[in-house]
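Commentary on secondary and tertiary structure
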Amino acid sequence: VQLQASGGGLVQAGGSLRLSCAAPGTITSVFWSNDMAWYRQAPGKQRELVAVITGSRNTNYADSVKGRFTISRDNSKKTVSLQMNSLQPNDTAVYYCNAKSGITESWGQGTLVTVSS
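Residues numbered from 1 in each chain as written. Predicted model: local features only at pLDDT ≥ 70, side-chain atom pairs only at ≥ 80, totals over all residues. Heavy atoms only, no water.

1. Quick word on the environment of asparagine 58
This is how the line gets drawn: To qualify as a helix, a DSSP run of H or I must reach at least 4 residues; to qualify as a strand, a run of E must reach at least 2; elements of each kind are numbered from the N terminus. Polar contact is defined as a pair of N or O atoms within 3.5 Å, subject to the rule that within protein one atom must be able to donate a hydrogen and the other to accept it, and that residues adjacent in sequence are counted only when both atoms are side-chain atoms.
Locating asparagine 58 in the fold gives a position in the loop between β5 (48-53) and β6 (59-61). For the pair asparagine 58 and serine 76, spaced 18 residues apart in the sequence, the C-alpha separation amounts to 17 Å. For asparagine 58, the side chain forms a polar contact with the side chain of serine 56, separated by 3.3 Å.

Put into structure tokens, the structure is as follows:
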């Protein structure tokens, strides 16, 4: 699965951003079979899971983003999105899209989100 992420940028604290990740070259049934996730990596820190959504749209979130971030997917368009609201400076990181099915895992290029105070 080849992933293309977009939507990062600079936003003030309290603002919103929407990240998108597309898998245009993937067969729809293959995309559906993948759990899709967003990870982030802040400067000097390890990469961490932000949110994950299964093919049947079950979701799970890191405690730090619960109630502020929403992950969604459109299997027909082969896209996954992350709506980020009430952004805070500690949300600043490079965000990565991830697809996982069994032992097969793919990563998109990172997209930088910077939240100014």
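2. Brief notes about the layout of surface pockets
Using the following cut-off: The way it works is a 1 Å grid over only the protein atoms, where trapped points that fit a 1.4 Å probe form a cavity and open points with protein on both sides within 12 Å along at least five of seven lines form a pocket, and then any residue with an atom within 4 Å of a point lines it. Grid points are joined across faces, edges and corners, and a volume is the space filled by probe spheres set on the points.
The volume enclosed by the largest pocket comes to roughly 160 Å³. What lines the largest pocket is simply Arg40, Gln41, Ala42, Pro43, Lys45, Gln46, Glu48, Ser64, Pro89, Asn90, Thr92 and Ala93.

3. A few points about unusual backbone geometry
Glycine aside, the phi torsion of most residues is negative, and most peptide linkages are trans. The phi dihedral of lysine 78 falls on the positive side, at around 60 degrees, and the residue is not glycine. You can see lysine 78 is positioned in the loop between β7 (69-74) and β8 (79-84). Of note in this structure, serine 86 is not a glycine but carries a positive phi near 50 degrees.

4. Description of the pairing of β5
Put simply, the test is: Pairs of strands are assigned from DSSP output, requiring at least two bridges between the strands.
As paired strands, strand β4 (residues 35-41) and β5 are joined by 5 bridges and run antiparallel to one another. Within β5, the residue paired with tyrosine 39 across the bridge is leucine 49. The loop that links β4 with its antiparallel partner β5 comprises 6 residues; one of these, glycine 44, has a positive phi angle of about 75 degrees.

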